[in-house]
Amino acid sequence: MLVVGDVVTDVVARHRGPLAAGTDTVAAIRTVPGGAGANVACWAVHAGCADVRLLGRVGLDAAEWHERELTASGVRPLLVRDPQAPTGTVICLVDSGASAERTFLTDSGASLRLAPEDWSPALLDGVGRLHLSGYLLFSGSSRALVSTVLESARARGVPVSLDPASAGFLTELGVDRFLGLCAGVDILLPSRDEACLLTGLPDPADAAAKLSRHFPLVVAKLGRDGALVARSGSVRARVPALRAAPRDTTGAGDAFTGAFLAALLRGAGPEEAAGAGCSAGARAVERIGGRPPAERTGG
């Protein structure tokens, strides 16, 4: 599997209750490797995918650290070192109450400076599935890269999945523009909010069904409500979530995506793969940060 996407440094601040404006709020703070694309790659390895490669862009400030962390997770890093922009940084504000809900402050830095010049069709050699982080659609150079990558994948017959990544950034990009940029994507993996935003429908099942008229397969990630699998304009399966004791929901959707894609590569059908995704998502929310533990699971 080849993942093309963002590699960032996450600063996770876990606090309890509302932030105290204008003064101090006690928090437990950790710096960990992150990025939606990088997280997906790590969870795919953790779920049993033997060969996962990641194309991303980082600054000179943290390139070696990110390469070491990815390698330690079993991912083959293909990182472009940007001499001008620093590595992207995301501050993750996590309410350590029962929901462990998170809010992101994002400085994309080098991560969205990936460009067509960073791509070669040879990167698809031996690749059975290509996954794109939707964050790539939120800057001009990386949008151009997405177009180039999709063209290469079509020429090779490599199936492509995409995670829309951010409801906030999608709002700025625009729904029609997003759908146009994603022409040729085989699997869309939106969150509940992203699916509803992309369709204007309040019910995620209706939204997933509508999106599946644009994409051959849509798998909507609903957090504690599990996942929906939709094809050809209708929901074909509802997959329940697993019980979990949330500590940090950062990266839960990435965990789902990585495990889901790894299961597809093993020959699982979409419903079984969504079950694997829900299992990974449940494990992810019980950890701090968006990455899995070092040991692998799966076959």
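So, a few notes on the structure that sits alongside this text. Quick caveat: nothing in here was measured; it's all calculated off a predicted structure.

The rules we used
- Residues numbered from 1 in each chain as written.
- Predicted model: local features only at pLDDT ≥ 70, side-chain atom pairs only at ≥ 80, totals over all residues.
- Heavy atoms only, no water.
- Helix = DSSP H or I, 4+ residues; strand = E, 2+ residues; numbered from the N terminus.
- Rg over C-alpha atoms; globule rule 2.2 N^0.38 Å.
- Buried < 20%, exposed > 50% of the residue type's maximum accessible area, 1.4 Å probe, protein only.
- Contact = heavy atoms within 4.5 Å.
- Areas by Shrake-Rupley, 256 points an atom, 1.4 Å probe, with all protein chains shown as cover.
- Axes fitted to C-alpha atoms, helices over the stretch in contact; angles between N-to-C directions.
- Left-handed = near helix turned anticlockwise from the far one by under 90°.
- Nonpolar A, V, L, I, M, F, W, Y, C, P; charged D, E, K, R; others polar.
- Pairing = 2+ DSSP bridges.
- Salt bridge = Lys/Arg side-chain N within 4 Å of Asp/Glu carboxyl O.
- Phe/Tyr/Trp six-rings, centres within 6.5 Å; stacked < 30°, edge-to-face > 60°.
- Expected span 1.5 Å × (residues − 1).

### Quick word on the overall build of the protein chain
Counting secondary structure elements, the protein chain contains nine helices and 13 strands. Whereas a compact globule of 299 residues would reach a radius of gyration of roughly 19 Å, the protein chain reaches 18 Å, a difference of no more than 12%. For the protein chain, buried positions account for 54% of its 299 residues. Within the protein chain, contacts between residues at least 6 apart in sequence are counted, and of these 70% link residues at least 24 apart. Approximately 12300 Å² of the protein chain is accessible, and the part contributed by carbon and sulfur atoms is 51%.

### Side note on the packing of helix H6 (residues 192-199) against helix H7 (residues 204-211)
Two elements in contact, H6 and H7, have axes whose closest approach is 9 Å; the angle formed by their N-to-C orientations is 60 degrees. Between H6 and H7 lies a crossing of left-handed hand. Between H6, through Arg-192, Ala-195, Cys-196, Leu-198 and Thr-199, and H7, the contact on the second element is made entirely by Pro-204, Ala-207, Lys-210 and Leu-211. Of the residues belonging to the contact of H6 with H7, the class tally is six nonpolar, one polar and two charged.

### Here's the deal with the pairing of strand S8 (residues 130-133)
On S8, burial covers both faces: Leu-130 and Leu-132 on one face and His-131 and Ser-133 on the other are all buried. As defined by bridge partners, strand S1 (residues 2-4) adjoins S8 across three bridges and the pair is classed as parallel. Bridged to Leu-2 within S8 is Leu-130. For S8 and strand S9 (residues 160-163), the ladder comprises four bridges, and the chain directions are parallel.

### Description of the pattern of salt bridges
A full pass over the atoms with the stated rule returns nine salt bridges. A salt bridge links Arg-53 to Asp-51; its shortest N-O distance comes to 2.9 Å. Among the ionic contacts, a cluster of salt bridges with common partners joins Arg-57, Asp-82, Arg-113 and Asp-118.

### A look at the packing of aromatic side chains
Ring pairs (aromatic) are described by centroid distance and by the angle formed between their planes. Counting across every chain of the model gives four aromatic pairs. Each ring, one from Tyr-135 and one from Phe-138, has its centre 6.1 Å from the other, and the planes form 85 degrees; the classification is edge-to-face. On the numbers, 6.1 Å between centres and 80 degrees between planes, the contact of Tyr-135 with Phe-169 is edge-to-face. On the criterion of sequence distance, the pair formed by Tyr-135 in the loop between S8 and helix H3 (140-156) and Phe-169 in helix H4 (residues 167-173) is long-range, its members being 34 residues apart. Classification of Tyr-135 as buried rests on a relative accessible area of 13%.

### Structural notes on the sheet that holds strand S2 (residues 8-15)
With mixed pairing, four strands are arranged side by side in an open sheet as S3-S2-S6-S7. This sheet does not close on itself; its edge strands, each paired only once, are strand S3 (27-34) and strand S7 (102-107). The mean angle between the axes of side-by-side strands here comes to 20 degrees, regardless of whether they run parallel or antiparallel. With eight bridges joining them, S2 and strand S6 (residues 88-95) adopt parallel strand pairing. Its bridge partner lying in S6, Arg-14 is registered against Val-94.

### Digging into H3
Helix length check: H3 (17 residues) gives 25 Å between terminal C-alpha atoms against 24 Å at 1.5 Å per residue, within 8%. All of the buried residues along H3 are Ser-142, Arg-143, Leu-145, Val-146, Val-149, Leu-150, Ser-152 and Ala-153. In this fold, the buried residues of H3 make contact with S1, S8, S9, H4 and helix H5 (175-181).

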